[in-house]
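# A look at the structure
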Amino acid sequence: RVRVIFAERAGVLMIPEESLVPMPGAQQFVYRIVNGRAQQTPVTTGLRRDAMIEVLSGLTAEDHVVTAGQLKLRDGVPVEVVAAPTSEK
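Here's what I pulled together on the structure shown here. The structure presented is a predicted model; accordingly, all values stated were derived computationally and were not measured.

### Digging into the overall build of the chain
The helix and strand inventory of the chain stands at 0 helices and 5 strands. The burial tally for the chain puts 22% of its 89 residues in the buried class. When the accessible surface of the chain is summed, it comes to about 7100 Å², and 53% of that surface belongs to carbon and sulfur atoms.

### Digging into the pattern of salt bridges
The full count for this structure, using the stated rule, is 2 salt bridges. Measuring nitrogen to oxygen at the nearest pair gives 3.1 Å for the salt bridge that ties E17 to R48. With E17 in the loop between β1 (14-16) and β2 (21-22) and R48 in strand β4 (residues 37-49), this residue pair connects regions lying 31 residues apart in the sequence. Classification of R48 by relative accessible area gives partly exposed; the value is 48%.

### A short note on the environment of G58
Tracing the backbone through its elements, the reader meets G58 in the segment after β5 (52-57). With 13 residues separating them in the primary sequence, G58 and T45 have C-alpha atoms 9.1 Å apart. With residues up to four places along the chain from it excluded, the contact list for G58 reads R32, T41, P42, V43 and D63.

### Looking at unusual backbone geometry
With phi around 55°, N35 is a residue other than glycine that occupies positive phi space. Relative to the helices and strands, N35 resides in the loop between β3 (28-34) and β4. A positive phi angle, near 65°, is found at A51, a position not held by glycine. Summarising the element assignment, A51 is placed in the loop between β4 and β5. Judged by relative accessible area, which is 44%, A51 ranks as partly exposed.

### Details of the nonpolar core
In terms of nonpolar packing, the biggest core is built from 8 residues, these being I15, L20, V30, V43, I53, V55, L59 and V65. Ranked by size, the runner-up nonpolar core spans 6 residues in total, among them V21, Y31, A38 and L73.

### Describing the environment of R74
Relative to the assigned elements, R74 resides in the segment after β5. Taking the C-alpha atoms as reference, R74 lies 8.7 Å from Y31; in sequence the two are 43 residues apart. The contact partners of R74, leaving out residues within four places of it in the chain, are Y31 and A38.

### Some remarks on the sheet that holds β5
Paired through their backbone hydrogen bonds, the strands of a sheet run either parallel or antiparallel. Here 5 strands make up an open sheet; going across it, the order is β1-β5-β4-β3-β2 and the pairing antiparallel. Two strands bound the open sheet, and with one partner strand each, they are β1 and β2. In this sheet, β3 lies alongside β2 in antiparallel orientation, the contact comprising 2 bridges. Within β3, the residue paired with V21 across the bridge is F29.

Reading guide: rules and limits
- Each chain has its residues counted from 1, running along the sequence as written.
- Reporting in this predicted model follows two pLDDT cut-offs: at least 70 for local features of residues, and 80 or more for side-chain atom pairs to be given and counted; totals over whole chains, interfaces and linings ignore these cut-offs and use all residues.
- Neither water nor hydrogens contribute to the side-chain values; these are computed over all heavy atoms in the structure.
- Helix numbers and strand numbers start at the N terminus; a helix is a DSSP run of H or I with at least 4 residues, a strand a run of E with at least 2.
- Type-normalised accessible area, obtained with a 1.4 Å probe on protein chains alone, sets the label of each residue: buried when under 20%, exposed when over 50%, and partly exposed for intermediate values.
- In this description, accessible areas are obtained by the Shrake-Rupley approach with a 1.4 Å probe, and a residue is regarded as covered only by the protein chains that are shown.
- We define a salt bridge as a side-chain nitrogen of Lys or Arg found within 4 Å of a carboxyl oxygen belonging to Asp or Glu.
- The contact definition used throughout considers only heavy atoms, calling two residues in contact when any of these lie within 4.5 Å.
- Definition used in this section: a nonpolar core is a set of buried Ala, Val, Leu, Ile, Met, Phe, Trp, Tyr and Cys residues joined via side-chain atoms within 4.5 Å.
- Whether two strands pair comes down to DSSP finding at least two bridges between them.

Right, here's the structure in full:
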């Protein structure tokens, strides 16, 4: 495998691919967490790399997005933020 980097871009907003929820008509959205509730937010995406996807519009760097359980969510449903499990070696 060869990896060629043609350009580097600073300040690119990336989220895990599993955060995206596809919609009919090729539109995609994520669930943002706003005041402890899920808020369905349409996003425009760009490049994909290493299971991460670039977000061109719809989110800011301060936003928190849901990465698991989106199929059970609906807009406005209360959510609880939990820390990611850490691997101890």
